[in-house]
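Report on the structure
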Amino acid sequence: MAVSGPVEPGPPAAAAAPSPAPARAPAPEDLFRPISAEDEEQQPTEIESLCMNCYRNGTTRLLLTKIPFFREIIVSSFSCEHCGWNDTEIQSAGRIQDQGVRYILTVRAQEDMNREVVKTDSATTRIPELDFEIPAFSQKGVLTTVEGLISRAVSGLEQDQPARRANEKAVAERIDEFIVKLKELKQVASPFTLIIDDPSGNSFVENPHAPQKDHALMITHYNRTLQQEEMLGLQAEAPPEEKPEEEDLRNEVLQFNTNCPECNAPAQTNMKLVQIPHFKEVIIMATNCENCGHRTNEVKSGGAVEPLGTKITFHITDPLDLTRDVLKSETCSVEIPELEFELGMAILGGKFTTLEGLLKDIQELVTKNPFTLGDSSNPGQVEKLQEFSWKLDQILQGNMKAHFIMNDPAGNSYFQNVYAPEDDPQMKVEHYKRTFDQNEELGLNDMKTEGYETGLAPQR
């Protein structure tokens, strides 16, 4: 069964004519601030707007904020004091991501019902146990909880029930039975699965155990199909034209125009092909925005996916070990057993840095969590994050030994061996055969590289 209509009727209220623009635009960090009970300056912007229900003036409130371990969003809320109509909506403030995302959450306890969820309008929501689906673009974007998603679905089914009971009594009775099943899910009498599939990559499901791995939540990033690209209004790129001669790009820095991911101002991205000794070629891309000062860098493998996955285990015993070069690809996960910490694939993206730089990036990602501040914080979680940060500081200062594990199913990550070409006594490199699920995440199960022309040969 599917919900085919939005819960609240009508689009968001139309805003009145904006006031004159200020002389200087505010910096991006002033616009999108983390949610915090102690931030008194973070107040929603109020705009007088036309009510689409009674056509009198109401008020629209806009709040630009950040979701921890996620990205910027815009929360809008409209209310009309004349007729009492109200409407809420959430929109992503960023661009459509390079890949789609799929969240598979196994709901086992009542605590899972309180997980925060960002569901955009392009996301599809499914509960396989009930054969239930909310199609994409049938509801507006929303910032809610798992329980809120189910309540929203129940409201969507109930809103047309009086008309169905008058015209289609049998259909109304079946829907009533299904509504009862949906409401029973809130009691979590038995585990069920919630799947949120968003081709735009802008939906999100909270991990309450951060920075530790969430065993109840599986996150998969995938390449969009042509139909999904068309659904999002994106135009597929034309295949590059073949050049008669290959150019040697190893000694050149290529530049191309782009937009800053923070302030959207025109910027330039530099790209360089680099050969890492005793490894392979990689592509380093760096963007520097002159308007807001934002700087970012990203590393992508210049070669193909390796036949075997690679697991690198390094024992940190000396402060000098932190100066070693590290290449972490997008498909690489990181684990520090002494801290009970695991960083999943695609988080932090591809990076070419030192071990110290990567550890500091991990510390910044984990400790700068707005939900651990003020009245909204959980004392137990705050203690865990403080203990994690203290132990990581001990490793960075050389006062604590630890193991640093990089697991890359694609085999495109690298850790510097200062004894090369001899073996490093502090480092263990293991090559392993990927599992079916790992090949599925890399998109290799459906990839045919041998005999693919056989089906195209004419029949004789």
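The residue numbering used here restarts from 1 in each chain and proceeds along that chain's sequence as written. With the structure being a predicted model, the display of local features is reserved for residues of pLDDT at least 70 and the display and counting of side-chain atom pairs for 80 or more, all residues being used for whole-chain, interface and lining totals. To get the side-chain values, all heavy atoms of the structure are used, and hydrogens and water are removed first.

The chain is annotated in an unreviewed UniProt entry as Zinc finger protein ZPR1 from Zalophus californianus. Its UniProt record gives the chain the following Sequence similarities (unreviewed entry) comment, quoted word for word: "Belongs to the ZPR1 family." UniProt positions are given in the numbering used here, feature names are shortened, and annotations may be inferred rather than shown by experiment.

**Regarding the sheet that holds strand E21 (residues 333–336)**
On the basis of which strands lie adjacent, the open sheet formed by five strands has the order E22-E21-E24-E19-E26 and antiparallel pairing. Of all the strands in the sheet, just strand E22 (341–343) and strand E26 (427–432) have a single pairing partner and so form its edges. Strand after strand, the sheet turns through a mean of 15 degrees between neighbouring axes, direction not considered. What makes two strands pair is DSSP finding at least two bridges between them. The helix count covers DSSP runs of H or I at least four residues long, the strand count covers runs of E at least two residues long, and both are numbered beginning at the N terminus. Of the pairings in the sheet, the one linking E21 to strand E24 (residues 402–408) comprises three bridges and is antiparallel in character. In the sheet register, serine 333 faces E24, and the bridge partner there is asparagine 407. Against the sheet, helix H6 (residues 355–367) makes contact with strand E19 (309–316), E21, E22 and E24, and its axis sits at roughly 95 degrees relative to E22, the strand it touches most. Angles shown run from 0 to 180 degrees and are taken between the N-to-C directions of axes, each axis being a line fitted to C-alpha atoms and, for helices, limited to the stretch in contact. Two residues form a contact once any of their heavy atoms are found within 4.5 Å.

**Considering the nonpolar core**
Ranked by internal contacts, the top residues of the largest apolar core, which has 32 residues, are Ile127, Phe132 and Leu182. Contributing elements (two or more residues each) for this core: strand E7 (100–107), strand E8 (116–119), strand E10 (132–134), helix H2 (146–158), helix H4 (169–185), strand E12 (192–198) and strand E13 (204–205). Here this core gets six residues from one element, more than from any other, and that element is H2. Formed by 26 residues, the second largest nonpolar core is a distinct cluster that contains Ile312, Leu355, Ile362 and Leu392. Buried residues of nine kinds, namely Ala, Val, Leu, Ile, Met, Phe, Trp, Tyr and Cys, make up a nonpolar core once their side-chain atoms join them within 4.5 Å. Burial status follows relative accessibility: with a 1.4 Å probe on protein chains alone, a residue under 20% of its type maximum counts as buried, one over 50% as exposed, and anything between as partly exposed.

**Focus: the state of the cysteines**
Two cysteine sulfur atoms make up a disulfide if the distance between them is within 2.5 Å. If you walk through the whole model with that rule in mind, you get zero disulfides. Residue cysteine 260 stays outside any disulfide, its sulfur separated by 3.7 Å from that of cysteine 289, the closest cysteine.

**Focus on a nonpolar patch on the surface**
On the surface, a cluster of nonpolar side chains totalling about 290 Å² of accessible area is made up of Leu50, Met52 and Tyr55. Tracing the sequence through the fold places methionine 52 in the loop between strand E3 (45–50) and strand E4 (57–66). The residues that make up patches have over 30% relative accessible area and no salt bridge, and they are joined within 9 Å when like-charged or within 5 Å when they are Val, Leu, Ile, Met, Phe, Trp or Tyr. Each accessible area is a Shrake-Rupley estimate made with a 1.4 Å probe; only the visible protein chains count as cover when residues are assessed. Salt bridge, as applied in this entry: a Lys or Arg side-chain nitrogen positioned within 4 Å of an Asp or Glu carboxyl oxygen.

**A short note on empty space enclosed by the protein**
In this analysis a 1.4 Å probe is tested at points of a 1 Å grid over the protein atoms alone, and where it fits but cannot get out there is a cavity; an open set with protein on both sides within 12 Å along at least five of seven lines is a pocket; lining residues have an atom within 4 Å of a point. Grid points are joined across faces, edges and corners, and a volume is the space filled by probe spheres set on the points. Applying the stated criterion across every chain yields a total of two cavities of 30 Å³ or more. Lining the largest cavity are Thr125, Ile127, Phe132, Ile134, Leu149, Ile150, Ala153, Leu182 and Leu194. Secondary-structure elements contributing two or more residues to the lining of the largest cavity are strand E9 (124–127), E10 and H2. With three residues, H2 is the single largest residue contributor to the lining of the largest cavity. Of the residues belonging to the lining of the largest cavity, the class tally is eight nonpolar, one polar and no charged. Here the nonpolar group is Ala, Val, Leu, Ile, Met, Phe, Trp, Tyr, Cys and Pro; Asp, Glu, Lys and Arg are the charged ones; every other residue, Gly included, is treated as polar.

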